[in-house]
Amino acid sequence: MRIDRKRIVRHHNPVIMQPHPVNTLSVGNGDLAVTVDISGLQTFPEFHDLQPDPLRVVDDGSKGLPEQGERPFSPDDFQIPLRTQSSWGWYTTRSGRDFSLEEAITEHQTPRGPVPYLDRMGLQRAGDPIPNELAAAAWFAYNPRRMHLGRLTLDARPAGPAVGHPEELDGARAELDLWSGTVDARYRLDGVPVEVTTAADPTVHRFATRIRSELLRKGLAVSWVFDPQRDDLAPFEMPVHDSVTWDKCSPGTWLASRAVESTTYTVQVDTTGVLSLHDGGTRVMAVTDQDELEVVVTLRPETRRSADHTPCTFAAVSTAAAAWWEDYWLSGAAVSFSGSTDVRAAELERRVVLSQYLLAVNSAGATPPAETGLTYNTWCGKFHLEMHWWHAAHFPLWGRGALLERSLGWYHSALPAARETARSQGYKGARWPKQTDPSARESPSHIGVFLVWQQPHLIHLLELLYNEGRQDGFLEQHYPLIEATADFIVDFVEERNGSFILPPPLIPAQESYLVDRETNTSPTFELAYWCWALQTANVWRQRLNLPFREDWDLVGRGMQRPQLMPDGTYAALATMPYLLRKDHPSMLMALGWLPDTDIIDAQVMGATLDSVWHNWDLQTSWGWDYPVMSMTASRLGDIEKALGALLLPSPKNQFLSNGHNPQIPGFLTLYLPANGGLLAAVAHIAAAIDRGAVLPPGWSMAAEGFTTLPRFSGATTFV
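Parameters at a glance
Residues numbered from 1 in each chain as written. Predicted model: local features only at pLDDT ≥ 70, side-chain atom pairs only at ≥ 80, totals over all residues. Heavy atoms only, no water. Helix = DSSP H or I, 4+ residues; strand = E, 2+ residues; numbered from the N terminus. Core = buried A, V, L, I, M, F, W, Y, C linked by side-chain atoms within 4.5 Å. Buried < 20%, exposed > 50% of the residue type's maximum accessible area, 1.4 Å probe, protein only. Contact = heavy atoms within 4.5 Å. Pairing = 2+ DSSP bridges. Axes fitted to C-alpha atoms, helices over the stretch in contact; angles between N-to-C directions. Polar contact = N/O pair within 3.5 Å; in protein donor to acceptor, adjacent residues only side chain to side chain.

Enquirer: Looking at this structure, how should I read unusual backbone geometry?
Expert: Only a minority of non-glycine residues have a phi that is not negative, and only a minority of peptide bonds are not trans. Of the consecutive residues Pro-504 and Pro-505, the connecting peptide bond is found in the cis state with omega at 0°. Following the sequence through the fold, Pro-505 ends up in the loop between strand 25 (499-501) and helix 12 (524-543). Along the chain, Met-576 connects to Pro-577 via a cis peptide bond; the corresponding omega equals -10°. Mapped onto the elements, Pro-577 comes out in the loop between helix 13 (550-557) and helix 14 (602-615). Non-glycine residue Glu-261 carries a positive phi angle of around 55°. Residue position: Glu-261 is located in the loop between strand 16 (253-260) and strand 17 (263-271).

Enquirer: Sorry, what's going on with the nonpolar core here?
Expert: A general trend in soluble globular proteins is that nonpolar side chains are found buried together. Among the nonpolar cores identified, the biggest contains 233 residues, and Tyr-142, Trp-224, Leu-299, Trp-390, Trp-398, Trp-432 and Met-701 are the most heavily contacted of them. In terms of residues, this core owes the most to one element, helix 17 (residues 672-690), which gives 12 residues. Those residues in contact with Trp-390, other than ones at most four positions away along the chain, are Trp-453, Met-589, Trp-593, Trp-624, Pro-627, Val-628, Met-631, Pro-673, Gly-676 and Gly-677.

Enquirer: Looking at this structure, how should I read the sheet that holds strand 4 (residues 84-86)?
Expert: Strands belonging to one sheet form pairs held by backbone hydrogen bonds; the direction of such a pair is parallel or antiparallel. Taking strand neighbours across the sheet as the criterion, the three strands line up as 2-3-4 in an open arrangement whose pairing is antiparallel. Of all strands in the sheet, those with a lone pairing partner are strand 2 (25-28) and strand 4, marking the two edges. Along the sheet, successive strands turn relative to each other by an average axial angle of 20°, direction set aside. Against the sheet, helix 5 (residues 344-362) engages strand 2 and strand 3 (32-36), with an angle of about 50° to strand 2.

Enquirer: What am I meant to see in helix 15 (residues 625-635) here?
Expert: Side chains of residues three or four places apart in an α-helix project in the same direction, reflecting 3.6 residues per turn. Taken across its 11 residues, helix 15 has 10 buried, putting it largely inside the fold. Those residues of helix 15 that fall on the buried side of the exposure criterion are Asp-625, Tyr-626, Pro-627, Val-628, Met-629, Ser-630, Met-631, Thr-632, Ala-633 and Ser-634. Contact partners of the buried residues in helix 15: helix 6 (388-392), helix 14, helix 16 (639-646) and helix 17. Once helix 15 ends, the next one or two residues include Gly-637, with phi positive near 85°.

Enquirer: Looking at this structure, I do not really get the side chain of Gln-455. What am I missing?
Expert: By the element assignment, Gln-455 lies in the loop between strand 23 (435-436) and helix 10 (457-469). Since its relative accessible area comes to 0%, Gln-455 is described here as buried. A distance of 2.8 Å separates the side chain of Gln-455 from the backbone oxygen of Trp-432, its partner in a polar contact. Ignoring sequence-local partners within four residues, the contact set of Gln-455 consists of Ala-430, Arg-431, Trp-432, Thr-485, Phe-488, Ile-489 and Trp-530.

Enquirer: Even after reading the chapter, I still don't get the pairing of strand 16, so can you show me in this structure?
Expert: For a regular strand, the rule is simple: side chains alternate between the two faces of the sheet. Burial analysis of strand 16 places eight of its eight residues in the buried class, the great majority of the element. Judged by which residues are buried, strand 16 turns out to be covered on both faces: Thr-253, Leu-255, Ser-257 and Ala-259 on one side and Trp-254, Ala-256, Arg-258 and Val-260 on the other are all buried. With eight bridges connecting them, strand 15 (residues 242-250) and strand 16 associate as antiparallel partners. If you follow Lys-248 over to strand 16, its bridge partner there is Trp-254. When strand 16 meets strand 17, the two strands line up antiparallel, connected through eight bridges. Within strand 17, the position partnered with Ala-259 by the bridge is Thr-264. Once strand 16 ends, the chain turns through two residues before running back antiparallel as strand 17, passing Glu-261 with a positive phi of about 55°.

See below:
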């Protein structure tokens, strides 16, 4: 029996019944996203803006990651801002003096000689005190920033109804129809019904809204507002220069050219009403004397006076959105937990459905996504390449790999910068940055620049895409990325006592080892990843009828075996302190998250998983750690534990009604790697069951359409 996808998807439509700082909904297409509040628009930004966490202690992290005390989860600790963001909208601030990237460099002594790293930067945020000696690194870390492009808000003429606080909307109800990608909000304002519907175009940087209400005749309006940029400025940064000029094409179509520092973009506002300027041109208001008003906003990443400015309609946008989202839900894989008697099954299904939506909106663009996607800025909106797998690997796993492929062009454009980083440090190949932006320049950090686990990611992602089903041209097109990545990986190792190690300076995926970066050696997960990636790179050469690379094979087969603890479980790394039971339990990733390798023993990993399950400090964990545990359990055939990990009670494993996973109050109030990890883990569960693993009592699972892991077609029901 086929899964009734439409029924399942719409069953989990998120509904907002009351205003709350986390009660937001988003529409978008992977390259543009608009986050709205209970009004169906972006009407109450102050109500949703981030608030400083009163329990936060300012700490530069030089002596380790800041301690996290026990803290029960409460949605009241979090806010989700209202922003309009894109993959292309970035700006760079001016500073009081010219900074040089060389000021951020420290040379670290290694057996191959001094190696430069951009490490003169702590955990400071722009609003924190920043020592003068870190100012240069901080400026490069904070710039460029992802831009807030503007805001579409409910508004009113002077004689119209007051729209000042969300409590003024009586009987409010906002629902995101996942099947069509449309937000529908209904409420009463001054006792009069108001209906607002908002959608985003699936292929154009455009979104649209339609309002129906008798109040439109009495002054209710919609405005497009150019808000100031919301990121804090560091002490050494100048106020942001921001200017707007408007051209009137017709009473209902106006063009704005906005310059934020040296970045310029164009906004076209179309309406069925009439437009007028306010607040010095930073707000354009649409009004009508009818009971219905449409506003369509089109954004373009540069000034294009010669572009086609033909007005667009709400119907065109909403129709295109509905068609794209229906195709999205009908394509690829689907799962259903209908028929389960375990009360947790419905919650897991909800998380699965909402995660698919959020990742298509936020993490399927032309560049790798930020950890908060296109919702609001963390780390200045930059993307973290060690997290790209977590955002996007599920796309090929679920048969939607084309959405991951959108970002591969960026890797090709970034390849020269990655090669230059490797060359400057004395390595062959290409060294991919940890935290970066469209320029591909590494961001200074005393942690990020020492991470290496992002290096094999590109091989992993490309292999998932190939296994999903690609023509031979795919191999030729992307093999240069494989080769450059493998050349760095094989050159990074050192040979000691007849095997190859991962040498310092290094910080493993478990970043709590940051203070030991000068001595950290051979993390368990990274050892296995090196082994697997080099073997896979040679498989690509075989597919292309290229000669076998003996150097890749020698290192891949010769990686050091991971360190064991006295109890026979895997250590985190091969040097002291061998195991810290906090942060990411990254050694688990060596089996399950990663395909099988010769250097990992399944029985040892089973004992390691049990040890993590019972002894880990979950308060210090992150949202993707639970999928890590789940994928390891799936590989070991323990489906009860695989399901339990995804639903493990923990402050870091909570999902809001809109599907978001909050992590850090006042900063990281949603965390999309957790959503992507969840979907990858569910694919692993389906694969394990297809191989013969058994669901625990109380669970029923139907799965269909998985193409990469596992390979089966049609629908399979597991009870």
